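Listed below, chain by chain, are the residues.
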Amino acid sequence: MNSKVVKYGLILAALVNIGGVLTFSKLFSNTAINDADPIVMSNFGLVMIMVWGLAYFGAAMIKGNIRVLVSAFAIEKLVYVCAWVYWLATNNLFTLYETDLFAGIFYTIYGLNDLLFMVFFIKVAMHKSESGEVKMKANSVTAAEVN
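Residues numbered from 1 in each chain as written. Predicted model: local features only at pLDDT ≥ 70, side-chain atom pairs only at ≥ 80, totals over all residues. Heavy atoms only, no water.

(A) Highlighting helix H6 (residues 101–126). Taking 1.5 Å per residue, 26 residues should reach 38 Å; H6 reaches 38 Å between its end C-alpha atoms and fits that length. Maximal helix bending in H6 amounts to about 30°, located at Ile109. At the N-terminal boundary of H6, the capping side chain belongs to Asp100, with an oxygen 3.0 Å from the backbone nitrogen of Phe102. (Helix = DSSP H or I, 4+ residues; strand = E, 2+ residues; numbered from the N terminus. Expected span 1.5 Å × (residues − 1). Bend = angle between axes of the 7 residues up to and from the residue. Polar contact = N/O pair within 3.5 Å; in protein donor to acceptor, adjacent residues only side chain to side chain.)

(B) A look at the pattern of salt bridges. Tallying each qualifying case throughout the model produces 2 salt bridges. The partner of Asp100 in a salt bridge is Lys26, and the shortest N-O contact between them spans 3.0 Å. Residue Asp100 is found in the loop between helix H5 (93–99) and H6, and its partner Lys26 is found in the loop between helix H1 (3–24) and helix H2 (31–36); the two are separated by 74 residues along the sequence. For Lys26, a relative accessible area of 36% gives the class partly exposed. (Salt bridge = Lys/Arg side-chain N within 4 Å of Asp/Glu carboxyl O. Buried < 20%, exposed > 50% of the residue type's maximum accessible area, 1.4 Å probe, protein only.)

(C) Quick peek at the confidence of the model for the protein chain. The predicted model of the protein chain has a mean per-residue pLDDT of 88, with 86% of residues at 70 or higher. Of the regions scoring below 50 in pLDDT, residues 138–147 engages in 4 contacts with residues more than four places distant in sequence or in other chains. (pLDDT = per-residue confidence, 0-100. Contact = heavy atoms within 4.5 Å.)

(D) Spotlight on the packing of aromatic side chains. Applying the stated criterion to the full structure yields 14 aromatic pairs. Taking the centre distance of 6.5 Å and the plane angle of 70° together, the rings of Trp84 and Tyr110 count as edge-to-face. On the criterion of sequence distance, the pair formed by Trp84 in helix H4 (residues 67–90) and Tyr110 in helix H6 is long-range, its members being 26 residues apart. In terms of burial, Trp84 and Tyr110 fall into one category: buried. A connected cluster of aromatic rings, assembled from ring pairs, spans Phe24, Trp84, Trp87, Phe102, Phe106, Tyr107 and Tyr110. Across the ring face of Phe102, the terminal group of Lys26 is positioned such that the distance to the ring centre comes to 5.1 Å. (Phe/Tyr/Trp six-rings, centres within 6.5 Å; stacked < 30°, edge-to-face > 60°. Lys NZ or Arg CZ within 6 Å of the ring centre and 35° of its normal.)

(E) Main features of the packing of H1 against H6. Running from N to C, H1 and H6 point in directions that differ by 165°, and their axes come no closer than 11 Å. By the angle between their directions, the pair H1 and H6 is classed as roughly antiparallel. Here the hand of the crossing between H1 and H6 comes out left-handed. In this structure, H1 uses Val5, Val6, Gly9, Leu10, Leu12, Ala13, Val16, Thr23 and Phe24 to contact H6, whose residues at the interface are Phe102, Ile105, Phe106, Ile109, Asn113, Phe117, Phe120, Phe121 and Val124. Grouping the constituent residues of the contact of H1 with H6 by class yields 15 nonpolar, 3 polar and no charged. (Axes fitted to C-alpha atoms, helices over the stretch in contact; angles between N-to-C directions. Parallel < 35°, antiparallel > 145°, perpendicular 65-115°, else oblique. Left-handed = near helix turned anticlockwise from the far one by under 90°. Nonpolar A, V, L, I, M, F, W, Y, C, P; charged D, E, K, R; others polar.)

Written out as structure tokens, the structure is:
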């Protein structure tokens, strides 16, 4: 997998996590999101989603092997997908839309978003370069290139 695709995919994941939380929570003032799932989507939970976004951004800057790191990201996304499926099975999405449009949209898309990024993280983790490791290309000149 192209290192630029990996880097920009991780940056996109970061922006979606951080921007999505800030937008749909209306800068943490949208209590309908919290009320709909007070355990997973409390303000603390929303802040932690943003922290995961920061971790994705940090991973995008790594110029070494990130296979284990993106594997952890895939597992994290799986947990959120499972939480979303459980929420959909035990709640009424249409009632949430009646309560708050942004909360309804949030609960409609967050699991699909996490599923897509989970697949991306799995593909990155499974990709093998010539050396058998997932590595981001270094922008600097190596000693071998100098000689």
